[in-house]
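Residue strings, one per chain:
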Amino acid sequence: MEGKGLTLWFTGLSGAGKTTLARLIEIELRNRGHKVEVLDGDVVRTNLSKGLGFSKEDRDTNIRRIGFVCNLLARNGVIAIAAAISPYRDIRDEVRRENGAFVEVFIKCPIDVLAERDVKGLYKKAMAGEIKHFTGIDDPYEAPLAPEIMVETDKETPEQSAARIITRLEELQYITASSEPDSYSDEDAEEVRRRLEALGYV
Amino acid sequence: MRLFDRFKAKEKSKRAVLIGLDGTPWTLVERFIKDGTMPNMAKLRAAGSLLQMDTSIPDISSVAWTSFMTGANPGRHGIYGFLDVQPNSYKIYFPSSRHIKSETLWAVANRAGKRAIVINVPSTYPAQPLNGILVAGFVAVDINKATFPASLVPRLQAMDYRIDVDARKVQQSHDALMDDVLVTLDRRVKLLLELYDKEPWDLFIGVVTETDRLQHFFMDAIADAGHKYHSAFRDFYRRIDAFLGQISERLKDETMLIMSDHGFTPIKQQVYLNRWLVDNGYLKLKDNPRSIEDIADGSRAFAMDPGRVYINVKGKYPNGTVESNDVARVTAEIKQGLSEISDNGAKIIKRVYERDELFSGPVVAFAPDLCVQSVYGYDLKGAVNKTQLMDREIFTGMHTQDDSTLYINSPASALRSDKPHITDVAPTLLDALGLGVPEAMDGRSMFR
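Numbering of residues starts from 1 in every chain and runs along the sequence as written. Chain labels run from A onward and ligand labels from 1 onward, assigned in the order the entries are written. Two thresholds apply to this predicted model, a pLDDT of at least 70 for residue-level local features and 80 or more for giving and counting side-chain atom pairs, whereas whole-chain, interface and lining totals are computed over all residues. Working from all heavy atoms in the structure, the side-chain values ignore hydrogens and water.

**So, the overall build of chain B**
Reasoning step 1: By the criteria applied, helices consist of DSSP H or I runs no shorter than four residues and strands consist of E runs no shorter than two, each listed in order from the N terminus. When you go through chain B residue by residue, the secondary structure sums to 15 helices and 21 strands.
Reasoning step 2: The size measure is the radius of gyration over C-alpha atoms, and the globule rule it meets is 2.2 Å times the number of residues to the 0.38 power. Taken against the 2.2 N^0.38 rule, which gives 22 Å for 448 residues, the C-alpha radius of gyration of chain B at 22 Å falls within 12% of a compact globule.
Reasoning step 3: For chain B, the spread of C-alpha atoms along the three principal axes comes to 70 × 60 × 45 Å.
Reasoning step 4: The buried label applies to any residue whose accessible area, calculated with a 1.4 Å probe on protein chains only, is under 20% of its type's maximum; exposed applies above 50%, and partly exposed to all values in between. Classification of the 448 residues of chain B by burial places 60% in the buried group.
Reasoning step 5: By sequence separation, contacts in chain B at least 24 residues apart represent 68% of the contacts at least 6 residues apart.
Reasoning step 6: Here, Shrake-Rupley sampling with a 1.4 Å probe gives the accessible areas, and only protein chains in the shown set may cover a residue. Of the roughly 17200 Å² that chain B leaves accessible, carbon and sulfur atoms contribute 49%.
Reasoning step 7: Between the centroid of the 56 positive side chains of chain B and the centroid of its 56 negative side chains there is a distance of 4 Å. Contacts are assigned to residue pairs with any non-hydrogen atoms lying within 4.5 Å of each other. In this tally, Lys and Arg are treated as positive and Asp and Glu as negative; His is ignored, and so are the chain termini. Charge placement uses NZ in Lys and CZ in Arg. For Asp and Glu, CG and CD serve respectively.

This is the structure in structure tokens:
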């Protein structure tokens, strides 16, 4: 399938589900024949952005680099999924301006839920002061004002969130609707008709 | 502080269970309580309230269960039958879960963080993602598309779960159909109890459809003590009662509801409304018609199962003939004519509803112009290939609108005293879960 390239930008607090959702979306899009690449913030900081810290300046540099790579990929027909906290609105908007097709996905989850979950044990450390510059604790997070998609991961399962993201991408016509028929296939419809006939409904 | 509140809320939250018995009449449950066929139901009634309930019009499962799950009327949720007509073509299509325009009660519960298990509710196919588990009911074709999450499919297969009774078995014999009904029920109950026990949930909805299948083909058996299948019918309901007992012995402080989506009564005659429309000059059909897709030029109206009548309006349908300023007159004329249909001198039509008497909401434009309601015993049908107005077929039972069942394990003093409607069930369940009722629901909680 000769798909259109796209930058799909996941932003949200640590532990909100960006990586999980990026992987689910990656699988679904691959199954539909798209070329997909995931740029995960945690991974990027071990190579492309190795050595950068968590000051506003370093964070901005990190996001610019991820945005730059996404742009290169998208130009070549790849759906580039960025999964990074990307807490600052101005830099996200800068990436949006630089990149052509850009979809911002706000992975929303209240901080008290994340602190309670604390899958990576980071919130506990941040609250104890052992980690500095932790987004949401002692560093700001600027939520998107008008993201194309918002999912609330404290209220739905990852599968539900992923399904909503895919549906929205279909609506925005970045991807074509699933080849699975909206209702019944012709064959299925015949079976439905036979079953309804057996109960006298046709 | 906020963390503490969350824990507190968790402690307070109550669970709710709904067991659906497709097509079980309230009058039959009352009768089986009195004659000892349903001892568990008798105990439940003694501790709660067993009520007769009105269902949707039309009173068929697709419309009724969708009205249940959305708490809304078809003018909002968009499901008017098992079949519908595409306005731009007359092409028949089968509405699926993707055609439902309203939010389901489990989606509302999910939003509040409540996990739902939803098994065998008709018109939920294909399964849509949810926080919980959903196995779709009638008319589900493929178990893979019927099940969410997909990881449950191997478990269903290992249990030999069956989506539905194969009603075509009746062509072999009534014995073959009865066997299929019993086996399907056993498998269904096994799955329901397993999920009830082993899965976490806040809202558990499990529907049994075998009741409906039995009654379509064996409704004559229960009226007649000498009937070959009289005791088999009764034994079947003993099994239903045993299942209700298995659920009720599991209850801790859950709210429990039992409901049916319509009632049932024996058929005297099937009545083919399209025949009436042809005989009275409103409908013209091509030779050997199979469905309303074979409508011919010059038609002014057509009917769909069960009692839906559509005016063939110019501009709305490709071969529409009725001018928009003439719709009211034609509608009134057909309404009058249908009201007068009789059998051996007795009128068989109870009431003919106009669209706006029944439906309101964003998709009311797709509603039938008239909905015909018959008296008990006269089953309205949409078939187009009949040469006479009335006939009998293999079916012995038909649906009723005013005799559905609603049980709530709360005393009458805790409930409203007016007759419940099927759209009240979803608000009642949300209320039991401690949640507010969305404005898009037409029904009201039964709790005072």
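**Quick notes on the overall build of chain A**
Reasoning step 1: When helices and strands are counted, chain A shows eight helices and five strands.
Reasoning step 2: Mapped in sequence order, the helices and strands of chain A form the string β-α-β-α-α-β-α-β-α-α-β-α-α.
Reasoning step 3: Principal axes of the C-alpha set define a box for chain A whose edges measure 70 × 40 × 30 Å.
Reasoning step 4: In chain A, which comprises 202 residues, the share counted as buried stands at 48%.
Reasoning step 5: For chain A, restricting intrachain contacts to residue pairs at least 6 apart in sequence, the fraction spanning at least 24 positions comes to 74%.
Reasoning step 6: As displayed, chain A offers around 9700 Å² of accessible surface, 51% of which is attributable to carbon and sulfur atoms.
Reasoning step 7: Both charge centroids of chain A, one from 29 positive and one from 36 negative side chains, sit 5 Å from each other.

**Examining the interface of chain A and chain B**
Reasoning step 1: Contacts between the two partners involve 28 residues from chain A and, on the opposite side, 38 residues from chain B.
Reasoning step 2: Across the chain A to chain B interface the summed buried area is about 3300 Å²; carbon plus sulfur atoms make up 57%.
Reasoning step 3: A 1.4 Å probe defines the accessible area here, and the buried area is the portion of it lost by two parts on being joined, summed over both. Per-residue buried area on chain A facing chain B is highest for Arg 195, Leu 199 and Tyr 201 of chain A; these three make up 23% of the total on that side.
Reasoning step 4: One side-chain nitrogen of Lys or Arg within 4 Å of one carboxyl oxygen of Asp or Glu is enough to make a salt bridge. At the surface where chain A touches chain B, the tally comes to three salt bridges.
Reasoning step 5: The salt bridge partner of Glu 190 of chain A is Arg 290 of chain B, with a shortest N-O separation of 3.7 Å.
Reasoning step 6: Looking at the side of chain A that touches chain B, the elements that each hand over two or more residues are helix H5 (111–117), helix H7 (158–171) and helix H8 (186–198) of chain A.

**Structural notes on unusual backbone geometry**
All names here are of chain B.
Reasoning step 1: In this structure, Pro 58 follows Ile 57 across a cis peptide bond, with omega equal to 0 degrees.
Reasoning step 2: Within the element layout of this structure, Pro 58 appears in the loop between strand S2 (49–53) and helix H4 (61–70).
Reasoning step 3: With omega at 0 degrees, the peptide bond leading from Phe 138 into Val 139 counts as cis.
Reasoning step 4: Turning to its location among the elements, Val 139 is positioned in the loop between strand S6 (132–135) and helix H7 (143–146).
Reasoning step 5: Of note in the backbone geometry, Asn 120 takes a positive phi value of approximately 65 degrees without being a glycine.
Reasoning step 6: Among the secondary structure elements, Asn 120 is positioned in the loop between strand S5 (116–119) and S6.
Reasoning step 7: The backbone of Asn 288 shows a phi angle near 45 degrees, a positive value even though the residue is not glycine.
Reasoning step 8: Note that Asn 288 resides in the loop between helix H12 (273–279) and strand S12 (301–304).

**Remarks on the packing of helix H9 (residues 174–198) of chain B against helix H10 (residues 210–223) of chain B**
Describing two packed helices takes the angle between their axes plus the distance from one axis to the other.
Residues and elements named next belong to chain B.
Reasoning step 1: Only the contacting stretch of a helix is used when fitting its axis, a line to C-alpha atoms as for every element, and angles between N-to-C directions run 0 to 180 degrees. Following both chains from N to C, one finds H9 and H10 inclined at 165 degrees, their axes separated by 10 Å at the closest point. Taken together, the axis directions place H9 and H10 in an arrangement best described as roughly antiparallel. Crossing of H9 over H10 shows left-handed handedness. The residues of H10 that touch H9, namely those facing His 174, Leu 177, Met 178, Val 181, Thr 184, Leu 185 and Arg 188, are Glu 210, Arg 213, Leu 214, Phe 217 and Phe 218. An angle below 35 degrees is treated as roughly parallel, one above 145 as roughly antiparallel, one from 65 to 115 as roughly perpendicular, and anything else as oblique. Crossings are sorted by hand: turned counterclockwise from the far helix by less than a right angle, the near helix makes the crossing left-handed, and turned clockwise it makes it right-handed.

**Topic: the sheet that holds strand S18 (residues 378–381) of chain B**
All names here are of chain B.
Reasoning step 1: Two strands are said to pair when DSSP picks up at least two bridges between them. Strands sit in the order S18-S11-S19 across an open sheet of three strands; the sheet is mixed. In the strand order of this sheet, the two ends are held by S18 and strand S19 (390–391), each with one partner.
Reasoning step 2: Of the pairings in the sheet, the one linking strand S11 (residues 269–272) to S18 comprises four bridges and is parallel in character. Opposite Val 271, over in S18, you have Leu 380 as the bridge partner.

**Things to note about the sheet that holds strand S8 (residues 203–208) of chain B**
Backbone hydrogen bonds hold the strands of a sheet together, and the pairing may be parallel or antiparallel.
Residue and element names in this part refer to chain B.
Reasoning step 1: Read across the open sheet, the eight strands follow the order S2-S21-S9-S1-S8-S5-S6-S7; overall the sheet is mixed. The two strands at the open ends of the sheet, each matched to only one other strand, are S2 and strand S7 (147–148).
Reasoning step 2: Bridge analysis of strand S1 (residues 16–21) against strand S9 (residues 255–259) gives five bridges, and the strand direction is parallel. Across the sheet, the residue bridging to Ile 19 is Ile 258, located in S9.

**Structural notes on the nonpolar core**
Reasoning step 1: Phe 68, Trp 106 and Ile 334 of chain B are the most contacted members of the largest nonpolar core, which has 152 residues in total.
Reasoning step 2: Top element by residues in this core is H9 of chain B. It accounts for 11 residues.
Reasoning step 3: Among buried residues, the Ala, Val, Leu, Ile, Met, Phe, Trp, Tyr and Cys ones that are joined through side-chain atoms within 4.5 Å form a nonpolar core. Leu 29, Val 151, Ile 166 and Leu 169 of chain A belong to the second largest nonpolar core, which has 32 residues in total.

**Things to note about the side chain of Thr 184 of chain B**
Reasoning step 1: Mapped onto the elements of the fold, Thr 184 of chain B is located in helix H9.
Reasoning step 2: Note on Thr 184 of chain B: relative accessible area 0%, which makes it buried.

**Quick word on the pattern of salt bridges**
Residue and element names in this part refer to chain B.
Reasoning step 1: Enumeration over the complete set of coordinates arrives at 53 salt bridges over all chains.
Reasoning step 2: One salt bridge in this structure joins Lys 34 and Glu 30, with 4.0 Å as the shortest N-O distance. Of this pair, Lys 34 and Glu 30 both sit in helix H2 (residues 26–34), four residues apart, roughly one helical turn.
Reasoning step 3: For Glu 30, a relative accessible area of 11% gives the class buried.
Reasoning step 4: A salt bridge links Arg 155 to Glu 194; the nearest nitrogen and oxygen atoms lie 3.2 Å apart. Here the residue Arg 155 occupies a position in helix H8 (residues 153–158), and Glu 194 occupies one in helix H9, the gap between them amounting to 39 residues.
Reasoning step 5: On the basis of relative accessible area, Arg 155 is assigned to the partly exposed category, the value being 29%.

**Examining the environment of Arg 188 of chain B**
All names here are of chain B.
Reasoning step 1: Inspection of the secondary structure assignment puts Arg 188 in helix H9.
Reasoning step 2: For the pair Arg 188 and Val 352, spaced 164 residues apart in sequence, the C-alpha separation works out to 38 Å.
Reasoning step 3: Ignoring anything within four residues of it in the chain, the contact list for Arg 188 reads Asn 120, Tyr 161, Arg 162, Ile 163, Asp 164, Val 207, Thr 209 and Glu 210.

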